[in-house]
Amino acid sequence: MYETESALRAFREARRTFIAGARIDMGALATSLGVDRTSLFRWVGNRDRLLSEILWSLAVPTLEHASRSAAPSGAARVVDVLDRFTTDLIAAPYFRAFLTREPARALRLLTTSDSDVQSRLLTAVTALVSAEIDPAPLSAEELARLLVRISESFTYADLISGETPDPVRARRTFAYVLRPVPTPQLIGDR
């Protein structure tokens, strides 16, 4: 995150603008802070970097809220956390405004392998999977990647396939992927 008071002030102002559903304009932000664009870029990086930091700063409390109200353990907990997170994203007006206003940028910042936001979310979901379930035969990271992609498929359905974002279908898909797999009986166990 940002280390100097000036950078934090710029970040907070940009975050307020984003939450209000408005586009972050680096020139307007610099003017509102009483600095030139060069100083602003030095403090917070380019617009994509700033947007990524804002998006992650909003994802963290959303994940924490989802975690606090989720089932106590196991696959049910993972399903609940991902369901609540996906539902909250789909319902967030500022998030929908961003997706509608800048769909290509939003998908690039949120869903690509170069994305800081996706990387951080993948790390968080990997930790959740590792703590709650045995993902065999996949690694915790492979299963987390699959779950993140499922979340993205339903959260950004309008941008990807023209469908309506659907948290109910997302939850059913999480539950299906994480359902217990019956252990096959060995011939001698019958």
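In what follows, the structure referred to is the one given above.
To keep things clear, this report deals only with the structure shown in the data block.

A short note on empty space enclosed by the protein
The probe, sized like a water molecule, is rolled over the atoms to show the empty space still left. Inspection of every chain in the model, using the stated rule, returns 1 cavity of 30 Å³ or more. Forming the walls of the largest cavity are 17 residues, and the residues nearest its centre are F85, L89, L110, V117 and Y156. Elements with a minimum of two residues in the lining of the largest cavity: α4 (47-68), α5 (74-91), α6 (93-101), α8 (116-132) and α9 (140-155). Sort the elements by how many residues they give to the lining of the largest cavity and α4 lands first, with 5 residues. Taken together, the residues of the lining of the largest cavity break down into 12 nonpolar, 4 polar and 1 charged.

Points about the packing of helix α2 (residues 26-33) against helix α3 (residues 37-44)
In the contact formed by α2 and α3, the axes pass within 9 Å of each other and the chain directions differ by 100 degrees. Relative to α3, the element α2 is oriented roughly perpendicular. Across from M26, G27, L29, A30 and L33 in α2, the residues of α3 making contact are R37, L40, F41, W43 and V44. Classifying every residue of the contact of α2 with α3 by side-chain character gives 8 nonpolar, 1 polar and 1 charged.

Comments concerning the packing of helix α1 (residues 5-19) against α2
It is at 10 Å that the axes of α1 and α2 come closest, and there the two elements cross at 125 degrees. The angle between α1 and α2 places the two elements in the oblique class. Between α1 and α2 lies a crossing whose hand is right-handed. Contact residues: R9, A10, E13 and A14 in α1; L29, S32 and L33 in α2.

Each value, and the rule that gives it
Residue numbering note: each chain is counted from 1, following its sequence as written. For a predicted model such as this one, the threshold for reporting local features is a pLDDT of at least 70, and the threshold for listing and counting side-chain atom pairs is 80 or more; totals across whole chains, interfaces and linings nevertheless cover every residue. Where side-chain values are given, they derive from all heavy atoms of the structure, hydrogens and water being excluded. Put simply, the grid is 1 Å and covers the protein atoms alone, a cavity is a trapped set of points that fit a 1.4 Å probe, a pocket is an open set with protein on both sides within 12 Å along at least five of seven lines, and lining residues have an atom within 4 Å of a point. Grid points are joined across faces, edges and corners, and a volume is the space filled by probe spheres set on the points. In this text, helices come from DSSP runs of H or I with a minimum length of four residues, and strands from runs of E with a minimum of two, each type numbered from the N-terminal end. Asp, Glu, Lys and Arg are counted as charged, while Ala, Val, Leu, Ile, Met, Phe, Trp, Tyr, Cys and Pro are counted as nonpolar; the rest, among them Gly, fall into the polar class. Fitting a line to C-alpha atoms yields each axis, with helices limited to the stretch in contact; the angle taken between N-to-C directions then spans 0 to 180 degrees. The cut-offs work like this: below 35 degrees is roughly parallel, past 145 is roughly antiparallel, 65 to 115 is roughly perpendicular, and the gaps in between are oblique. Contacts are assigned to residue pairs with any non-hydrogen atoms lying within 4.5 Å of each other. Rotating anticlockwise by less than a right angle from the far helix to the near helix defines a left-handed crossing, while the corresponding clockwise rotation defines a right-handed one.

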